[in-house]
Amino acid sequence: MVKNVFGRIYIGLIMLFLYAPIVVLIVLSFNNSKSRAKWGGFTLKWYSELFDNSIVMDALWTTLSLAILSAVIATVLGLLGAIGIDAMKKRNYQIMLGATNIPMLNADIVTGIALMLFMVRFLPLGFSTMLIAHITFNIPYVIFSILPKLQQIDVSVYEAARDLGANSVKAFWKVIIPIIKPGITSGFLLAVTMSLDDFIITYFTRGAGVNTLSTVIYGEIRRGIKPEMYSLSTILFLMVLIVLVMSNRASKKQVK
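### Considering the overall build of the protein chain
- Each helix and strand counted, the protein chain has eleven helices and zero strands in total.
- The secondary structure elements of the protein chain, listed N-terminal to C-terminal, are α-α-α-α-α-α-α-α-α-α-α.
- Principal axes of the C-alpha set define a box for the protein chain whose edges measure 70 × 65 × 35 Å.
- Taken as a whole, the protein chain presents about 16,200 Å² of accessible surface, with 68% of it coming from carbon and sulfur.
- Positive and negative side-chain charges of the protein chain, numbering 23 and 12 respectively, have mean locations separated by a distance of 6 Å.

Below, the structure written as structure tokens:
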């Protein structure tokens, strides 16, 4: 009984530290005062000013399109890479696993500078270089989301589909993909999240005149964060929350 009480208090403290800053951010987005220490009444004017701010809205569109495009391409490439790695012999499998881990463990600033130096040799910095950079650092996350699902597959299921007349492509789409679908979905969502969250690699590969939300917010820190940023952060948090709830409901329906 005592252990259960202390366990709940401990979990409650963890949740408090995790979500208290987000709750404060949401409350400030409805605060009529620009002061963070004074409540000036409930208002929605920061949301209206947010949608009237062309710089922020352009950066939002760039951020979302970059995140979706890079996540889709990284998911396809990561799926193919995971299948290839899973089919390797043990020694080559371990080597490729270690090589895939390096971009995840490497410091972002090293990856960002390396990608900038490499791309500036062949391409002008801009949206395309940002897209390539985001695809590059998203692929390992997709691979490690899909690999565990591939290792759970019973090979006899695939062989049974082939024995029943399905060719290799049809057996792959009808048998393998449904089994590893949760891994593909989680890899895609993780890639979207990592792309939305990234600043350092984006900063080094974006080029002049191209901005994402992270670079716009970084530029405003020197002048002071405007209350519209609170509204924008609240909207993004709610979007992520909705996507998370929908994906969890979809996975529960698949289990049933």
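Once you've had a look at it, read on.
### Here's the deal with helix α4 (residues 90–105)
- Its 16 residues place the ends of α4 22 Å apart at the C-alpha level, agreeing with the 22 Å of an ideal helix rising 1.5 Å per residue.
- Those residues of α4 not exposed but buried are Tyr 93, Leu 97 and Thr 100. The buried residues of α4 all sit within an arc of 70° when viewed along its axis, so they share a single face. Counted as exposed and oriented over 90 degrees from the buried face of α4: Arg 91, Ile 102 and Leu 105.
- Residues of α4 that are buried make contact with α3 (54–86) and α6 (127–151).

### Quick word on the nonpolar core
- If you look at the biggest cluster of nonpolar residues, it comprises 29 residues, and the most contacted ones within it are Ile 146, Leu 147, Leu 150 and Ile 180.
- Listing elements by their share of this core, those giving two or more residues are α3, α4, α6 and α8 (168–197).
- Setting aside its immediate chain neighbours within four residues, Leu 150 contacts Ala 82, Ile 83, Asp 86, Ile 176 and Ile 180.
- By size, the runner-up hydrophobic cluster in this structure holds eight residues, among which are Leu 50, Val 56, Val 216 and Met 229.

### Let's talk about the layout of surface pockets
- Computed from the structure, the second largest pocket encloses a volume of approximately 260 Å³.
- Ile 83, Asp 86, Ala 87, Leu 150, Ile 153, Val 155, Tyr 158, Ser 168, Phe 172 and Ile 176 together form the lining of the second largest pocket.
- Looking at the lining of the second largest pocket, the elements that each hand over two or more residues are α3, α7 (155–163) and α8.
- When residues of the lining of the second largest pocket are assigned to their parent elements, the largest contribution, three residues, is made by α8.
- Tallied by class, residues from the lining of the second largest pocket come to eight nonpolar, one polar and one charged.

### Things to note about the confidence of the model for the protein chain
- Mean pLDDT over the protein chain: 84, with 96% of residues reaching 70 or higher.
- Confidence scores differ between elements of the protein chain, with helix α11 (residues 227–255) showing the lowest mean pLDDT of 75 and α6 the highest of 91.

### A word on empty space enclosed by the protein
- This structure, assessed with the given rule, holds one cavity of 30 Å³ or more.
- What the largest cavity holds in volume is close to 40 Å³.
- Lining the largest cavity we find Thr 63, Leu 66, His 134, Ser 195, Leu 196, Asp 198, Thr 202, Thr 212, Leu 213 and Ser 214.
- Only α3, α8 and α10 (213–221) provide two or more residues apiece to the lining of the largest cavity.
- Looking at the lining of the largest cavity residue by residue, the classes come out as three nonpolar, six polar and one charged.

### Quick look at the environment of Gly 165
- Within the secondary structure layout, Gly 165 lies in the loop between α7 and α8.
- Its relative accessible area of 64% is what places Gly 165 among the exposed residues.

### A short note on the side chain of His 134
- Here His 134 shows up in helix α6.
- In this structure, His 134 is in contact with Leu 66, Ser 70, Ser 195, Asp 198 and Thr 202, ignoring residues within four places of it in sequence.

Rules behind the numbers
Residues numbered from 1 in each chain as written. Predicted model: local features only at pLDDT ≥ 70, side-chain atom pairs only at ≥ 80, totals over all residues. Heavy atoms only, no water. Helix = DSSP H or I, 4+ residues; strand = E, 2+ residues; numbered from the N terminus. Areas by Shrake-Rupley, 256 points an atom, 1.4 Å probe, with all protein chains shown as cover. Lys, Arg positive; Asp, Glu negative; His and termini not counted. Charge placed at Lys NZ, Arg CZ, Asp CG, Glu CD. Expected span 1.5 Å × (residues − 1). Buried < 20%, exposed > 50% of the residue type's maximum accessible area, 1.4 Å probe, protein only. Arc of directions from axis to C-beta. Contact = heavy atoms within 4.5 Å. Core = buried A, V, L, I, M, F, W, Y, C linked by side-chain atoms within 4.5 Å. 1 Å grid on protein atoms, 1.4 Å probe; cavity = no way out; pocket = protein on both sides within 12 Å on 5 of 7 lines; lining within 4 Å. Points joined across faces, edges and corners; volume = space filled by probe spheres on them. Nonpolar A, V, L, I, M, F, W, Y, C, P; charged D, E, K, R; others polar. pLDDT = per-residue confidence, 0-100.

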